[in-house]
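As a plain string of letters, each chain reads:
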Amino acid sequence: MGAAGSVNGCFYSANAAVGNFDDDPQLEIVIAEPSEFAGRDSGTGTWDNTGIIHLFNTDGTEVSGWPKYTQGITLSSPVVADVNGDGSEDLIVGHMYLGSSYEPALGGVYVYDRSGNVLSAGRNSSGRVSGRRRR
Ligand SMILES: [Ca+2]
Ligand SMILES: [Ca+2]
């Protein structure tokens, strides 16, 4: 493929996804991962859950307006589909939130449009993201 974009050296086994997110005919490459800010604060025991979504052209350059920082890290593969039926690709990403070692992990599913705007999110009425608790 020849793409040479810069990511954060994430070692998780998530795959990239491809789709056409701009006005040129070439496909773009989506990578979602924990951002450079994500990690555990050893002083407070809490986690920074800032994630990042990269959108690369096939020449390795980042698409204008990307990357996007997210509230929630991603350790799984993004999915591309036209969720809202407007004829443009959308991006489906699972986000995970880590708290202290005593707080269970929460997760949710977010849908972003081709510009990175959130179309829908798996939040419940409490404002927390709904999802399965880790055991
Ligand atoms: Ca394109
Ligand atoms: Ca769409």
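Procedures and definitions
- Residues numbered from 1 in each chain as written.
- Chains lettered and ligands numbered in written order.
- Predicted model: local features only at pLDDT ≥ 70, side-chain atom pairs only at ≥ 80, totals over all residues.
- pLDDT = per-residue confidence, 0-100.
- Contact = placed C-beta atoms within 7 Å.
- Core = buried A, V, L, I, M, F, W, Y, C linked by C-beta atoms within 7 Å.
- Buried ≥ 20, exposed ≤ 12 C-beta atoms within 10 Å, placed from the backbone.
- Helix = DSSP H or I, 4+ residues; strand = E, 2+ residues; numbered from the N terminus.
- Pairing = 2+ DSSP bridges.

### A short note on the confidence of the model for the protein
Thinking step 1. Of all residues in the protein, 76% have pLDDT values of 70 or greater, and the mean over the chain is 82.
Thinking step 2. Taken as a whole, residues 124–135 scores under 50 in pLDDT and shows 22 contacts with residues more than four places along the chain or in a different chain.

### Observations regarding the nonpolar core
Thinking step 1. Val30, Ala32, Ile53, Leu55 and Val93 are the most contacted members of the largest nonpolar core, which totals 14 residues.
Thinking step 2. Of all the elements in the fold, those that place two or more residues in this core are strand E2 (28–34), strand E5 (50–56), strand E8 (90–97) and strand E9 (106–112).
Thinking step 3. Residue contributions to this core peak at four residues, all from E5.

### With respect to the environment of Val83
Thinking step 1. Note that Val83 resides in the loop between strand E7 (79–81) and E8.
Thinking step 2. Look at Val83 and you get partly exposed, because 17 C-beta atoms sit within 10 Å.
Thinking step 3. It is 9.0 Å that separates the C-alpha atoms of Val83 and Leu119, two residues lying 36 residues apart in sequence.
Thinking step 4. Setting aside residues no more than four positions away along its own chain, Val83 makes contact with Asp90, Ile92, Val111 and Leu119.

### A few points about the pairing of E2
Thinking step 1. Counted residue by residue, E2 has six buried out of seven residues, so it is predominantly covered.
Thinking step 2. Sheet topology note: the E2/E5 ladder contains six bridges and is antiparallel. Across the sheet, residue Glu33 finds its bridge partner in E5, namely Ile52.

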